[in-house]
Amino acid sequence: MRETPEDLKELQSLLDASLSRSTTHLRSIINRERTLTAEQLTRTLTGMCTLALSTVTAKGEPRISGVDGHFLRGKWHFGTARDAAKARHLAARPAVSAAHMRGEELGVFTHGRVEILNPREGAPAADWPDLLAYFKDFYGDDLFDWDNDVVYYRLHPHWMTVYAADVAKLTATPGS
């Protein structure tokens with residue numbers, strides 16, 4: 001777990017606020033008994049988690065694609081090729097929605113805006129060197145030309161909710 005106590009507090013506040021301002025219908029599905037706390041969520045979302053990422057074209061048409069999501073410090077991080085359509089969409093329109101689902105067991109739904117972590121022009125995010133080290137360790141140092149081929153993003157959520165079919169099963173320690 002890479003989250004600080006402040007990260008967990010911020011994430012828990014977001015989760016609580018998002019659920020409280022959701023529709024009655026959504027709260028009938030995702031309620032206090034079928035959701036995870038910030039700490040449980042960060043312990044569950046380890047390694048790479050496939051995200052369905054929704055962007056919008058210049059014509060206002062939605063597009064969905066898959067990305068490798070990494071949940072670090074209470075936020076999704078993901079990358080794509082610098083020349084990918086989604087990179088163009090995100091540069092012009094940084095509002096996104098993302099979903100990570102594991103069958104019927106877990107669903108994490110997020111809406112927010114992305115920040116470019118390693119822009120081609122301009123200074124990278126302050127924590128980019130640490131994130132780059134994490135990604136190189138995960139994927140391998142020589143998988144990409146990390147400076148030119150890929151662009152990475154951090155999704156700053158303004159809404160996030162979590163569905164957990166069986167909290168005890170999702171949060172059980174292996175072998176217990």
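Each remark here, short or long, concerns the structure printed above.
Residues numbered from 1 in each chain as written. Predicted model: local features only at pLDDT ≥ 70, side-chain atom pairs only at ≥ 80, totals over all residues. Heavy atoms only, no water.

J.: Before we go on, may I ask you to explain the nonpolar core in this structure?
T.: Nonpolar side chains in soluble globular proteins tend to be buried together. Ranked by internal contacts, the top residues of the largest apolar core, which has 29 residues, are Leu11, Leu41, Leu45, Trp76, Val108 and Met160. Looking at this core element by element, the count peaks at 6 residues for strand 6 (residues 150-164). Trp128, Leu132, Phe135 and Val150 belong to the second largest nonpolar core, which has 11 residues in total. (Core = buried A, V, L, I, M, F, W, Y, C linked by side-chain atoms within 4.5 Å. Buried < 20%, exposed > 50% of the residue type's maximum accessible area, 1.4 Å probe, protein only. Helix = DSSP H or I, 4+ residues; strand = E, 2+ residues; numbered from the N terminus.)

J.: Help me understand a negative patch on the surface, please; the structure alone is not making it clear to me.
T.: Among the surface-exposed residues, Asp83, Asp145, Asp147 and Asp149 lie close enough to one another that they form a single negatively charged patch. Structurally, the position occupied by aspartate 149 is in the loop between helix 5 (128-139) and strand 6. (Patch = residues over 30% accessible without salt bridge, like charges linked within 9 Å, V, L, I, M, F, W, Y side chains within 5 Å. Areas by Shrake-Rupley, 256 points an atom, 1.4 Å probe, with all protein chains shown as cover. Salt bridge = Lys/Arg side-chain N within 4 Å of Asp/Glu carboxyl O. Lys, Arg positive; Asp, Glu negative; His and termini not counted. Charge placed at Lys NZ, Arg CZ, Asp CG, Glu CD.)

J.: Looking at this model, I keep getting lost on helix 4 (residues 85-92). Mind explaining?
T.: When we look at burial in helix 4, the residues that qualify are Lys86, Ala87, His89 and Leu90. Buried positions in helix 4, seen along its axis, are confined to an arc of 160 degrees and lie on one side of it. Helix 4 presents Arg88 and Ala91 as exposed residues on the side facing more than 90 degrees away from its buried surface. Tucked inside the fold, the buried residues of helix 4 contact strand 1 (48-56), strand 2 (62-72), strand 3 (75-81), strand 4 (95-102), strand 5 (106-116) and strand 6. (Arc of directions from axis to C-beta. Contact = heavy atoms within 4.5 Å.)

J.: Just checking my understanding: could you explain the packing of aromatic side chains for this structure?
T.: The way to describe two aromatic rings as a pair is by their centre distance and the angle between their planes. Scanning all chains against the criterion turns up 10 aromatic pairs. Measuring from centroid to centroid gives 6.4 Å for tryptophan 128 and phenylalanine 135, while their planes differ by 40 degrees, and the two rings are tilted. Neither residue differs from the other here; tryptophan 128 and phenylalanine 135 are each classed as buried. Aromatic side chains phenylalanine 144 and tryptophan 146 sit 5.0 Å apart centroid to centroid with 85 degrees between the ring planes, which places their arrangement in the edge-to-face category. Judged by relative accessible area, phenylalanine 144 falls into the partly exposed class, the value being 30%. By relative accessible area, tryptophan 146 is classed as buried at 5%. (Phe/Tyr/Trp six-rings, centres within 6.5 Å; stacked < 30°, edge-to-face > 60°.)

J.: Would you take a moment to explain the environment of alanine 91 for this structure?
T.: Relative to the helices and strands, alanine 91 resides in helix 4. Since its relative accessible area comes to 59%, alanine 91 is described here as exposed. In sequence terms alanine 91 and glutamate 115 are 24 residues apart; their C-alpha atoms lie 9.3 Å from each other.

J.: So what exactly am I meant to see when it comes to the pairing of strand 2 here?
T.: Two faces belong to every sheet, and in a regular strand the side chains alternate between them. In this sheet, strand 2 lies alongside strand 1 in antiparallel orientation, the contact comprising 9 bridges. Each residue of the ladder has a partner; that of cysteine 49, found in strand 2, is glycine 69. Here strand 1 hands over to strand 2 after 5 residues, with glycine 60 in that stretch at a positive phi of 80 degrees. Sheet topology note: the strand 2/strand 3 ladder contains 3 bridges and is antiparallel. Bridge pairing in strand 3 places histidine 70 opposite histidine 77. (Pairing = 2+ DSSP bridges.)

J.: What exactly am I supposed to notice about helix 1 (residues 5-20) here?
T.: Residues that lie three or four places apart on an α-helix share one face, since the helix turns once every 3.6 residues. Between its first and last C-alpha, helix 1 extends 22 Å over 16 residues, near the 22 Å set by a 1.5 Å rise per residue. Those residues of helix 1 that are buried lie in contact with helix 2 (24-29), helix 3 (38-44), strand 2 and strand 6. (Expected span 1.5 Å × (residues − 1).)

J.: What is the right way to look at the sheet that holds strand 6 in this model?
T.: For sheets, the rule is that strands pair by backbone hydrogen bonds, running either parallel or antiparallel. Reading around the circumference, 1-2-3-6-5-4 is the order of the 6 strands in this closed barrel, with antiparallel pairing throughout. Each neighbouring strand pair of the sheet contributes to a mean axis angle of 40 degrees, computed without reference to strand direction. Summarising the sheet, strand 3 and strand 6 pair through 6 bridges and their orientation is antiparallel. Counted as the bridge partner of threonine 80 is valine 151 from strand 6. The strands that helix 4 touches are strand 1, strand 2, strand 3, strand 4, strand 5 and strand 6; relative to strand 1, the one it contacts most, it runs at about 60 degrees. (Axes fitted to C-alpha atoms, helices over the stretch in contact; angles between N-to-C directions.)

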